[in-house]
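This is what each chain is made of:
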Amino acid sequence: MERQEVGRLAALIQEKICAVCIDRNVDGTCDKEAEGTCTLMQKLGPAAEAVLKVSSDRIEPYIQSIRDNVCATCELRFPDGSCAVRDTDHCMLNSYLPLVVEAIEEHFGRAFPSAEGLTAPPVH
Ligand code: SF4
Ligand code: SF4
């Protein structure tokens, strides 16, 4: 995915997810974003490509696609595939996945149920 496209998508993510993210500072800035340690922003391009491989009204296929296409090459996971970052709710890509999927689908103009329709929590 082209850098410009990822940049446009990041702007939508900031509007829809950073605005409600518990990790941002009260003044609206974000230390993780400034440090480059937000996994959502770090992996937005591959995550968008993983989401666009799926079309479902269930969250599970999106979770699986993220696992297969993003987590599989993530430097933060352990060799056995487990992920302490995810297990401790420090992976924003995982924590906000229903909202992330909704934003990506909206950005690319795909019909999609609201995040409320994807109520199943991300699988750890
Ligand atoms: S941690 Fe990530 S998702 Fe949360 S406000 Fe910062 S950049 Fe946005
Ligand atoms: S859940 Fe873990 S392996 Fe997957 S992207 Fe997040 S930090 Fe990386």
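Cut-offs used in this document
Residues numbered from 1 in each chain as written. Chains lettered and ligands numbered in written order. Predicted model: local features only at pLDDT ≥ 70, side-chain atom pairs only at ≥ 80, totals over all residues. Helix = DSSP H or I, 4+ residues; strand = E, 2+ residues; numbered from the N terminus. Buried ≥ 20, exposed ≤ 12 C-beta atoms within 10 Å, placed from the backbone. Near = placed C-beta within 6 Å. Nonpolar A, V, L, I, M, F, W, Y, C, P; charged D, E, K, R; others polar. Core = buried A, V, L, I, M, F, W, Y, C linked by C-beta atoms within 7 Å.

Moving on: the overall build of the protein. In terms of helices and strands, the protein carries eight helices and zero strands. Overall, the protein shows an N-to-C arrangement of helices and strands of α-α-α-α-α-α-α-α. When the 124 residues of the protein are sorted by exposure, 30% land in the buried category.

Close to ligand 2 lie 13 residues, the nearest being Cys71, Cys74, Cys83, Arg86 and Cys91. Looking at the shell around ligand 2, the elements that each hand over two or more residues are helix H6 (84-87) and helix H7 (92-95). When grouped by side-chain class, the residues that make up the shell around ligand 2 number eight nonpolar, two polar and three charged.

Moving on, we come to the nonpolar core. Leu40, Ala47, Ile66, Leu93, Leu97 and Val100 are the most contacted members of the largest nonpolar core, which totals 26 residues. Contributing elements (two or more residues each) for this core: helix H1 (3-16), helix H3 (39-42), helix H4 (44-52), helix H5 (60-69), H7 and helix H8 (97-107).

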